[in-house]
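Structure assessment
For reference, the chains in residue letters:
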Amino acid sequence: MATASSRPLQPVSTAARLWTPRRVLITRSARGFVHGRAIAERAAALGSEVVELASDRIVLPKEEDPRAAYRTAKSTLAVVVASPSKRRLQPIPPSADWRFDLAEGCHAHCQYCYLAGSLGGPPITRVYANLDEILDGLPAHLGRGAVTSASAERAHEGTTFEASCYADPLGIEHLTGSLRQAVRFFGRWEAPVQLRFTSKFAGVAPLIGLDHGRRVRVRMSVNAPALIRYEGGTSPLGARLDALGQLARDGYRVGLTVAPIQPFADWRQGYADLFAQAARALDEVPDLDLTVELITHRFTPGSKSVLQGWYPGSDLDLDEAARSRKLTKFGSVKYVYPADTMRAMRAALTALVSNNLPTARILYWT
Ligand code: SF4
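A brief structural summary. All chains use their own residue numbering, which begins from 1 and follows the written sequence. Two thresholds apply to this predicted model, a pLDDT of at least 70 for residue-level local features and 80 or more for giving and counting side-chain atom pairs, whereas whole-chain, interface and lining totals are computed over all residues. With hydrogens and water stripped out, all remaining heavy atoms of the structure feed into the side-chain values.

1. With respect to helix H6 (residues 178-188)
Selection criterion: Only protein chains enter the accessibility calculation, which uses a 1.4 Å probe; a residue whose area is less than 20% of its type maximum is buried, one above 50% is exposed, and one in between is partly exposed. Helix and strand assignments follow DSSP, with helices taken as H or I runs no shorter than four residues and strands as E runs no shorter than two, numbered in order from the N terminus. A contact between two residues is defined here by any heavy atoms of the two lying within 4.5 Å.
Listed as buried for H6 are Ser178, Leu179, Ala182, Val183, Phe185, Phe186 and Gly187. Against helix H2 (34-46), helix H4 (131-136), strand S9 (159-162), helix H5 (173-176), strand S10 (193-199) and strand S11 (216-222) lie the buried residues of H6.

2. What about unusual backbone geometry?
Along the chain, Pro93 connects to Pro94 via a cis peptide bond; the corresponding omega equals 0°. Following the sequence through the fold, Pro94 ends up in the loop between strand S4 (90-92) and strand S5 (96-99). At the junction of Ala259 and Pro260, the peptide bond is cis and its omega measures out at -15° in the coordinates. Inspection of the secondary structure assignment puts Pro260 in strand S13 (residues 253-261). One non-glycine residue, Glu284, lies in positive phi territory at about 60°. Structurally, Glu284 is set in the loop between helix H8 (267-281) and strand S14 (290-296). Despite not being glycine, Asp287 has its phi angle at roughly 55°, a positive value. Position of Asp287 among the secondary structure elements: in the loop between H8 and S14. By relative accessible area, which is 60% here, Asp287 ends up exposed.

So, to be careful, I would describe these as geometric facts and stop short of saying anything about function.
Okay, here's the thing in structure tokens:
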């Protein structure tokens, strides 16, 4: 029988649609944390095979076939301890002053996943057992931000902490419970601070009713309806927008992360449909605080190679000849849309935001 701590953090009807990892690996050190053991127990209650590792090394079964290796990794959850270096906060422009991680990796199958090429090794999802240590490391950064805190338009948000740079923490919340604890932490933190995360998942039930103190901004990562077919294993667009409406009605600050924006055949109509749908979902929310982040598609030689290995049949446009080649500040190459395409998309999407969501603040276009 499931114990109180092992029950999935969602109503059963919703839990049925939530991710159940095929295998959960829990390291020796992670078993030393109540939070780590609770994650493994919840996964076991949902039907995952739980393997207790003798050490802290994650080893996956050897697979000759890359497709099989990809499937094995994507269906594996590892419960591990975040090392001191993983717990060191980093600035994360243009989103937030600081990045901290509750997890790393994602089980979904987006053909334009921004993690491709950023995380090395097989694409497993790692979740951190030492959540209290991670959260206890945040207050030392209060007032020390140099990204949003240094911006005249955004300094009123306080010191901002972004929790979704290397993972989609909401997509695994029914297993981890980490976001709930993080939201409560920020709710109790009587200071000018903000927890931020973005998601392609609609499982917001564990967050509703928490005492968040208006110090949490949840953004839904969305795109034009025609592009959602590239986002395998995520929640449908309508469900994400409905979930955002639920959060906004529960007093959360909310946002739309529109990404990755692409000039596909009927893009003007596609993005018009997206913003009209978002406006319906957020209609008549009292005291709505809504932001919009606009992120165009880009790729690097490294991310292209990883994505083509993961999704060999994809028709996603990764043609260098149709892009402008740019150097990042670290000297690496990235491919972005040409300036005239960027200008046309920026003008059109900015107008759509102001027409459909007149109270929204656009935080940045990139
Ligand atoms: S939901 Fe986000 S992190 Fe997960 S596969 Fe899709 S783009 Fe990557």
